[in-house]
Every structure is written in structure tokens, then in C-alpha cells.
Amino acid sequence: MKIKYDTKKRLVEQIFLLEILKGLKLTLKRLFSKPVTVQYPKEKKPLFPGFRGRHALIRDPKTKAAKCVACMRCATVCPSRCIRIRFSKDDETGARKLESYEIDALRCIFCGYCEEVCPVNAVVLTEEYEYSDYTRDPFHFDMERLLKNWDDFLEKKKMEPEKYLNPYLRPRGLPVGELPVGKRVEVPEEWTMEGQVIWKDGKAVSAKEADC
Amino acid sequence: MELLWILIKIIIVFTVVMIHVMYATYFERKVIGHMQVRMGPMRVGWHGVLQPIADGIKAFFKEDIIPTAADKKVFYAAPLICLISALSAVAVIPFFETFAIANINIGLLYIFAMSSLASYGVVLAGWSSNSKYSFLGGLRSSAQVISYEIAMGLSLVGVMMLAGSLNLSDIVHAQMQSSYKIYLIPQIIGFFVFVVAMFAETNRTPFDLPEAESELVAGYCTEYSGMRFALFFMAEYIGMIVMSCLAVICFLGGWSGPFEVPGIPFFWFILKAYFFIFLYYWVRATLPRYRYDQLMALGWKVLIPLALFNILLTGTIKSLIG
């Protein structure tokens, strides 16, 4: 392809440096615009629900312990294999009893699969993200630490534990019937099936239709 | 008594220039920050006004690293050459009617000489550091300064012809008596060449090849640290201030203005000089760096012929009119 130059225009442009003047005009205009800077430790950007921060085990308001039933789904789905669960079996009933629950936050990639897959909404990624430290130890969360993370988070948010919701606790676009019982939580209007568009049988349909 | 008065003048000018250097760095960061829709320094003091002091303290207490392979004597001398030559150029600048440390008859030539000498500091720093980046920076600087020195000198020949003097005060007086009051209008070509050469002479963007940080780490001052680096930094900013003052004196009528501001004889001078310093920041926030061959082409193929043409034009018109 041959490039066509407007020689007359180019000459004028070159003599009077029009392009440079345009650039100078732009920078001068920007000088009087409001900076977009967020002065981080003083100002913070608002977090959206579903932000994936520090891990926590939700403390059951009734039993004051973790809700985890040791189903191992989170440990199975975890791409970086950073969750370690140990449990024992009750010989009579066959019920699993959680012995330990550990998350290595340094290996975690914060994908949120664990909280999405958890059938009882036991594990969540909270909106806490300022937890840097000088050593590795504080990032190896055991069960006690994970429950404490939850308490700290609630205290910081000043929120009732029952009020806490994030989109992972009830994945959007899935019919209620397909969700485990623990995940059928109350969600705001805009998170429900109405208006949700999902992909079914090769075409996009509203989730409500798909449920029928 | 005379000597004491000169000494007092030197102290006043030195202090004022140093304060200006300090706050030139601050305002550069602020102006460029806002032009890039950022804020610039905000932490030290109210809107970061104490930032230059913090920077100074930091530079002063930093470790002074000298490369083992460096040529020590030259390495020590280079920043001083830069700073001293930059500072001595300030001596001849008339800030207002009766105020110049040395009102000498070859003021303009003296400033040229000093700004060329400052480039010696840069070249020697690049040479003595024994590092490829410094060396390349020094080489680029020498080539650039030689090329643009010519253009700059020639661009001011027109002013010299009109004023008939090299004395900076006389140039200002000649401008006041001329029909346009400033030489900007009759010497517009010279002014253009001077402004471009001014950027190149002080190694500022878009001609900051000697210290091109994206290519040469920091160019000639790569191996310098702490206070020695700060000396180079100061020299650069003093160079900017001197060049701004020179532009004001030669083209914008120095301390003269549309009306007298009572009590502040240097009001107009400072205002105009601030405009040029702002121009430095403004251009830095706008333009990317020239490529090396573009820089040389601009200097030799555009600016020098333009300046020569300007001399021819000025000479012709002057001989025809009077």
C-alpha cells in the first residue's frame, strides 16, 4: 500500500509544529483536570461483593464452631492444592468429624472455587486484603486462625453474621433446585433467577425458563 | 566596601537560586503529575511542600559509592565542574535595572562559555565512571552540546546585531528603546531556534539523550550516588534557570514590563523566567525523546540553517532600515 501524504498540509504542520502544539494543548488541559489518584492508606476504593480477600471459616452462630462437614470438595477443587483437611469418622454413625482445616494463603491463587463449591457455605474469601507480614508463618491459616479471621472481618465490617452475603454463597444463574441445601440462601432481587441469562442447549435463555 | 557589597550580592543570589532549584524540582513533579492526572508528591508537609528538603536530607546522608574502576580524581571533579560552571553563569544575569553581580561587557559570551564548560563535567563524568552507560551518556552529551551550541550561538547573533552589545543589561536597554519593546517579534526565528537549542543545551526532554533513563539507566550520572548525584541534579536545574533568564533577557525584554510594579523591580523578570521554567516542565510532560539521528538532523539541518538565515535577514533589514 502506498501512503499518500498531503504535502501541503505536512509542510504547514512541520513549519509550525502543529502536532506538538496539539500535544501541548492537551497536557495543559489535563493540568487543570482533577487527578484520578486514590491516596491509598487514607482513601480506599470501595470493594464490591464477591471480592476475594483473606480466607475465613464462617463461625456458625449456633454452635460457635466452623460449619465445615469435611466433604473435601474445596480441597478437591482447589487448583493450587492449598487446602488441607483432616477428619475422623464416627464408628457408629459414620459421620465425619472435622479434625483440622488448614489453608496455605501463600499458595492460594484466590480463584474462589472453594467458597463456590462449599455445600454448607463454610469457607469464604472475605473482603479483607491488608494482611501483609514479615514472615511466612502468619499466612498459614489453621482452623482457629480461619475462624478468627471471620470474627475480625465481622468486627471490621460491623455486621451481623447472618447478614453477610456474597455472590459465591449462592452462585448466580443456577436454578435453586440444583443447589445444595446449604447454598439456597436468601439473596437480593437482582441476584435471583430473574434476568439471569444462561447457556442451555446451545442458546442463551433466561435462567427461569431453563429451570422449568 | 565595594567588595563587601559584591559578597552580599553573591550570597543573596546564591540563596535565591538554590531555593529556586529546590522548588523547581518540587514544582516539576507537581506540574508533570497533574498533567498526567496524578497528584505528585503529597506526603511530606502540606501537599508535599517539604519534599525538596526531605530529598536533600536523603541525598546528603546516602552512601557515597565510588566504582573501583573509576578514575577517582576526575570522578570527584566532574560534578563540581558542572555545578560551578552552572552557578558562575548566574553571576552576569541582570535581575533588574541595577542588580547584577558582575555587569561585564561580554556577558552573553560568558554564559555560552560557562554552559559549554558544564558539558565538560558531563563528558568527564561519563568518561571517568568506567561504565558503558555513563560513557554512552557522556558521548551523546558531547555530540549534542557541540551541535546545539552552534545553533544557540547563531540564534543570539541576531539579538547581538540589533542591540549592538554583548552586555546583558545593554541588551535589555536596547530592547526598551526599540520599536517593539521586545526582540521576540523581530527575532521570532532566532527565538524559536534559541528555545529548541535551550532544551538541548540543558539536556532536557525531548533532547535528554545523555541521561535517557529508558536506554542508559541514568546516562552520565549512572555511577553517581548520594550528594554527588545531587550536585549534577542541581547543576541541571541551575542550567535551566540560567537558560530561562537568558531567554527572558534576550527576547522578552528582561525586567521591563507593561507597567512598573512598585517595590518589586524584578517582578516582570521573575514572571517571565517562571514561564520558561514552566515551559520546560510542560514540554517534558508532552514530548517523547528524540532518536539520536533525529536529534542530529534537527540540529544541523534545520536549526543551524534557520539561525544563519535569521542572521542574514536581520543584517539585511538592519542595513536597509538603519
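Structure's up top.
Just so you know, these numbers come straight off a predicted model, no measurement behind them. (Residues numbered from 1 in each chain as written. Chains lettered and ligands numbered in written order. Predicted model: local features only at pLDDT ≥ 70, side-chain atom pairs only at ≥ 80, totals over all residues.)

(A) Quick peek at the overall build of chain A. Within chain A, the regular secondary structure consists of six helices and seven strands. Each helix and strand of chain A, ordered N terminal to C terminal, gives the series α-α-β-α-β-β-α-β-β-α-β-β-α. Across the 212 residues that make up chain A, the buried fraction comes to 18%. Contacts spanning at least 24 positions in sequence make up 66% of the contacts within chain A whose residues lie at least 6 apart. (Helix = DSSP H or I, 4+ residues; strand = E, 2+ residues; numbered from the N terminus. Buried ≥ 20, exposed ≤ 12 C-beta atoms within 10 Å, placed from the backbone. Contact = placed C-beta atoms within 7 Å.)

(B) Helix 9 (residues 226–251) of chain B, seen in detail. For helix 9 of chain B, spanning 26 residues, the distance from its first C-alpha to its last is 38 Å, which sits close to the expected 38 Å at 1.5 Å a residue. One or two residues past the end of helix 9 of chain B sits Gly253(B), with phi positive at roughly 80°. (Expected span 1.5 Å × (residues − 1).)

(C) How the structure looks around the environment of Arg291(B). All names here are of chain B. For Arg291, the location among the structural elements is in the loop between helix 10 (267–286) and helix 11 (292–321). On the basis of neighbour counts, which here come to 10 C-beta atoms within 10 Å, the residue Arg291 falls in the exposed class. Considered as a pair, Arg291 and Arg204 are 87 residues apart in the sequence and their alpha carbons are 14 Å apart.

(D) Representation of the interface of chain B and chain A within the structure. With eleven residues of chain B at the contact, the number on the chain A side is twelve residues. Elements represented by at least two residues in the side of chain B that touches chain A include exactly helix 1 (2–35) and helix 10 of chain B. Along the lines of polarity and charge, the residues of the side of chain B that touches chain A split into eight nonpolar, two polar and one charged. (Nonpolar A, V, L, I, M, F, W, Y, C, P; charged D, E, K, R; others polar.)

(E) Broad picture of the nonpolar core. Residue and element names in this part refer to chain B. One finds Cys82, Ala197, Ile238, Val242 and Ala247 to be the most contacted residues of the largest nonpolar core, which totals 96 residues. The element contributing the most residues to this core is helix 9, with 19 residues. Not counting residues within four places of it along the chain, the set of residues in contact with Ala197 comprises Tyr148, Ala151, Met152, Ser155 and Leu303. (Core = buried A, V, L, I, M, F, W, Y, C linked by C-beta atoms within 7 Å.)

(F) Here's a closer look at the packing of helix 7 (residues 188–201) of chain B against helix 9 of chain B. Residue and element names in this part refer to chain B. The interhelical angle for the contact between helix 7 and helix 9, taken along N-to-C directions, is 170°, at an axis separation of 10 Å. For the element pair helix 7 / helix 9, the angle class is roughly antiparallel. Packed against helix 7, whose contacting residues are Phe191, Phe194, Val195, Met198 and Glu201, the element helix 9 presents Met243, Ala247 and Phe251 at the interface. (Axes fitted to C-alpha atoms, helices over the stretch in contact; angles between N-to-C directions. Parallel < 35°, antiparallel > 145°, perpendicular 65-115°, else oblique.)

(G) Summary view of the pairing of strand 3 (residues 96–104) of chain A. Residue and element names in this part refer to chain A. Where strand 2 (residues 83–89) meets strand 3, seven bridges bridge the pair, whose relative direction is antiparallel. Its bridge partner being in strand 3, Ile85 is matched across the sheet by Tyr101. From the end of strand 2 to the start of strand 3, which pair antiparallel, there are six residues, and Gly94 there has a positive phi angle of about 80°. Relative to strand 5 (residues 140–141), strand 3 runs antiparallel, the two sharing two bridges. The residue of strand 5 that forms the bridge with Asp104 is His140. (Pairing = 2+ DSSP bridges.)

(H) Spatial organisation of the environment of Ala77(B). Note that Ala77(B) resides in helix 3 (residues 72–90). For Ala77(B), a count of 17 C-beta atoms within 10 Å puts it in the partly exposed group.

(I) Just the sheet that holds strand 3 of chain A, in detail. All names here are of chain A. Spatially, three strands are ordered 2-3-5 in an open sheet, and the strand pairing comes out antiparallel. Since the sheet does not close on itself, it has two edges, and those belong to strand 2 and strand 5, each with one partner. The strands touched by helix 5 (residues 143–157) within the sheet are strand 3 and strand 5, with strand 3 carrying the most contacts at an inclination of about 75°.

(J) Expanded view of unusual backbone geometry. All names here are of chain A. Even without being glycine, Ala70 reaches a positive phi, approximately 55°. Within the secondary structure layout, Ala70 lies in the loop between strand 1 (55–57) and helix 3 (73–77). Residue Ala70 is classed as buried on the basis of its 20 C-beta neighbours within 10 Å.

(K) Broad picture of the packing of helix 5 (residues 132–163) of chain B against helix 6 (residues 168–177) of chain B. Residue and element names in this part refer to chain B. In contact at an axis separation of 9 Å, helix 5 and helix 6 are set at 70° when each is read in the N-to-C sense. Of the possible angle classes, the one that applies to helix 5 and helix 6 is roughly perpendicular. As for how helix 5 packs across helix 6, the hand of that crossing is left-handed. For the pair helix 5 and helix 6, contact is made by Val159, Leu162 and Ala163 and by Asp170, Ile171 and Ala174, respectively. Its residues assigned to classes, the contact of helix 5 with helix 6 comprises five nonpolar, no polar and one charged. (Left-handed = near helix turned anticlockwise from the far one by under 90°.)

Keep in mind these numbers describe shape, not what the thing actually does.
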